[in-house]
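Here is what each chain is made of, one letter per residue.
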Amino acid sequence: MKEDEPAAAEEKTQLAYAAIGVATVCLLVGVPLWWKTTTVYRVNLPYDDMYALIEKKLEYTTPFTVVYMGENPKKQDLATFAKELRKTMLSSGRESEITAVYRGNVRRWFEEEKQLFTAAVDVNDFTEKIEAAKLIDDIGRYKFYIFPLNNKIKLSRYHITNRQNIYISEPDDWSGLADEIKVLMNNVLVNEDLLENSYQTAKGHRLSLKPDKDSMRSVGYHPNYDLTFTLINPQPDIIRVSWNIETAVKNYLNPFLQAMQEYSTFSVKSQVLYYTSISVRPSKDNAANCFYLKPHELPHLINPIERDLASFASKDPSLNFILYIPYRGHSPLHIYTAQGKPASTNAFLSPRWGGVVIENVPNPKNRTQLPSRETLNMQPIMGKFIEQLRQLIGIQTRLPYANIEFQSAGITAVTQWELNIWLRKRTIENIATSAATLKSLADLLGKIKNMVINDDIGNEVQLAVDSVTNAHQHLKQGLLRDAFEASKQALQASEKAFFDPSLLELLYFPEDQKFAIYIPLFLPISLPILTSLYSAFKYFRGRNQQKQKSS
């Protein structure tokens, strides 16, 4: 029996070491491996940069040049005027999160400009010659031409072309000219109040300035829009109305869409609806022998019409343009203003949805074979639709100003300086929206720790952060087109990251559920291991006590 005691002791020692080894492997290898394999994958994101963007000050630069077209200005040195102009453009009495910087220079004419000016017979001729000679600066850079006194080209105090040139009649006294140029830049060509409102709205802040109606009407920026033109004829059995929408789009709408195609694309659809009518009963004006709709009734016209419109599956914003032919018994139908006067356009805009034009056609005369046929003149109708489209996509409505003459936009229906305002506004909105989206995403991911953050989201977030930074830099340098492209990329990347469906994969699988699932699996395995480990420690403790007694 004594010979078996060392063998039994050695066997117990080996069992104890085996139990400790198994427990060590489970604790040092098994548990970390399980924890690693069950941990939600979260790529590292630049959280500090994502939070910093929302607080970053925005500065945009507008370059300009003042060109004097005479020999020597009256009682004025151009170098002195240049210093005064720079000082005036630097002064600002406003504290804001965005800063407007104007970088300009003053010079006399170049030889080519002087030759064109001498050969021109009027303002439009001079403008055409400059455009033909391609003396047009980069997008966002303005050029002020000061016409000398007693020249053959007569113009108003200010004349703004449909490009980026502004003509100024030389004043008798130059002392206030610098202030006038600043006011012209601030209020017309740049519109600082509009940009401030747009920036604050995009960030989600409460407006401290007067709300801008143009921003409230327009939809947010999107690279693509769907346009649907609908002719509604409630009585085709009485009046058969023809509209050549394809030719109208080609002749009147396409020039505008082509002017915008560098920044947004538009898909155009058309349809005709019969036996569809408005649900509002018009009032009758006996004095004018017509029917009319009141301003508060106009919103109620949209719902019954919208119900019958064909729906197109698209991820792009959809804008609707309705041409409504009134009932024979309600014709002629007009829209009255709040003052009880007929509206000049007989059309109204539904913010962020579309526009409606009411077109009255002659009622069939007695003994006329029904249905009578009418062909619409689409030129004035498309003019109304284009103006509504301008407002819906955020192009500022041109306001009349005293002593300022605006050149017509022509067939494009939009001038380059209006596009400059729109580009600057959209760029600032995109920057603010992207920064706010990134901050919201960072807050969301910080609160919900088990959200999956895959590599695609990480790449989109990094792209958005870099694009916002680039847009800031381009705006500061006065590179308007580059700033817009960077802001568009930032907007798309930030929204793609925020709305990525993979973020929701484990949203409803919190940590406590993970333990609830795995404990029934690990408990039967861990109990024998823990029992063996306890026995091993008990064995070594007893052996140590025995050694101490024997010594």
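Here is a short report on the structure shown in this document. Keep in mind the model is a prediction, meaning the values are calculated, not measured.

Let's talk about the overall build of the protein chain
Phase 1: Within the protein chain, the regular secondary structure consists of 15 helices and 16 strands.
Phase 2: In terms of C-alpha radius of gyration, the protein chain reaches 36 Å, well past the compact-globule figure of 24 Å for 551 residues.
Phase 3: Across the 551 residues that make up the protein chain, the buried fraction comes to 46%.
Phase 4: Within the protein chain, contacts between residues separated by at least 24 positions form 79% of all contacts whose residues are at least 6 apart in sequence.

With respect to the pairing of strand S5 (residues 165-169)
Phase 1: For S5, the buried fraction is high: four of the five residues fall into the buried class.
Phase 2: Pairing analysis gives three bridges linking strand S4 (residues 158-160) to S5, with the strands arranged antiparallel. Within S5, the residue paired with Ile160 across the bridge is Ile166.
Phase 3: Counting the residues between successive antiparallel strands, the hairpin from S4 to S5 contains four residues.

Concerning helix H5 (residues 123-132)
Phase 1: Within H5 the residues assigned to the buried category are Val123, Asp125, Phe126, Thr127 and Ile130.
Phase 2: Where H5 is buried, its residues touch helix H4 (111-119), strand S3 (142-147), S4 and S5.
Phase 3: The N-cap residue of H5 is Asp122: its side-chain oxygen and the backbone nitrogen of Asn124 are 3.4 Å apart.
Phase 4: Lys134 lies just past H5 and shows a positive phi near 60 degrees.

A look at a nonpolar patch on the surface
Phase 1: Judged by side-chain polarity, Val25, Leu27, Leu28, Val29 and Val31 come together as a nonpolar surface patch covering roughly 480 Å² of accessible area.
Phase 2: With respect to the helices, strands and loops of the structure, Val29 is situated in helix H1 (residues 4-38).

Comments concerning the packing of helix H13 (residues 455-477) against helix H14 (residues 480-498)
Phase 1: Relative orientation of the contacting elements H13 and H14 amounts to 155 degrees, with a least axis distance of 7 Å. Compared by their axis directions, H13 and H14 come out roughly antiparallel. In this structure, H13 meets H14 at a crossing whose hand is left-handed. Between H13 and H14, the residues in contact are Ile457, Glu460, Val461, Leu463, Ala464, Ser467, Val468, Asn470, Ala471, His474 and Leu475 and Leu480, Asp482, Ala483, Ala486, Ser487, Gln489, Ala490, Ala493, Ser494, Lys496 and Ala497, respectively.

Some remarks on H13
The α-helix advances 3.6 residues per turn, and as a result positions three or four apart in sequence lie on the same side.
Phase 1: Relative to the 33 Å expected for 23 residues at 1.5 Å per residue, H13 spans 33 Å between its end C-alpha atoms, a close match to the ideal helical length.
Phase 2: Of all the residues in H13, the buried ones are Ile457, Gly458, Glu460, Val461, Ala464, Val465, Ser467, Val468, Ala471, His472 and Leu475.
Phase 3: Packing partners of the buried residues in H13 comprise helix H2 (47-55), strand S1 (58-68), helix H12 (416-447) and H14.
Phase 4: The opening residue of H13 is Asn454, an N-cap whose side-chain oxygen sits 3.1 Å from the backbone nitrogen of Asp456.

Some details on the sheet that holds strand S12 (residues 333-335)
Phase 1: An order of S9-S10-S12 is seen for the three strands of this open sheet, with the pairing classed as mixed. Edge strands, defined here as strands with exactly one partner in the open sheet, are strand S9 (283-285) and S12. Neighbouring strand axes in the sheet, compared pairwise and without regard to direction, differ in orientation by 40 degrees on average.
Phase 2: Alignment of S9 against strand S10 (residues 290-293), held across three bridges, turns out to be antiparallel. Residue pairing in the sheet places Asp285 in a bridge with Cys290 of S10.

Details of the side chain of Glu429
Phase 1: Tracing the backbone through its elements, the reader meets Glu429 in helix H12.
Phase 2: Look at Glu429 and you get buried, because its relative accessible area is 12%.
Phase 3: Leaving out residues up to four positions away in the same chain, Glu429 has contacts with Ser198 and Ala202.

Rules used in this analysis
Residues numbered from 1 in each chain as written. Predicted model: local features only at pLDDT ≥ 70, side-chain atom pairs only at ≥ 80, totals over all residues. Heavy atoms only, no water. Helix = DSSP H or I, 4+ residues; strand = E, 2+ residues; numbered from the N terminus. Rg over C-alpha atoms; globule rule 2.2 N^0.38 Å. Buried < 20%, exposed > 50% of the residue type's maximum accessible area, 1.4 Å probe, protein only. Contact = heavy atoms within 4.5 Å. Pairing = 2+ DSSP bridges. Polar contact = N/O pair within 3.5 Å; in protein donor to acceptor, adjacent residues only side chain to side chain. Patch = residues over 30% accessible without salt bridge, like charges linked within 9 Å, V, L, I, M, F, W, Y side chains within 5 Å. Areas by Shrake-Rupley, 256 points an atom, 1.4 Å probe, with all protein chains shown as cover. Salt bridge = Lys/Arg side-chain N within 4 Å of Asp/Glu carboxyl O. Axes fitted to C-alpha atoms, helices over the stretch in contact; angles between N-to-C directions. Parallel < 35°, antiparallel > 145°, perpendicular 65-115°, else oblique. Left-handed = near helix turned anticlockwise from the far one by under 90°. Expected span 1.5 Å × (residues − 1).

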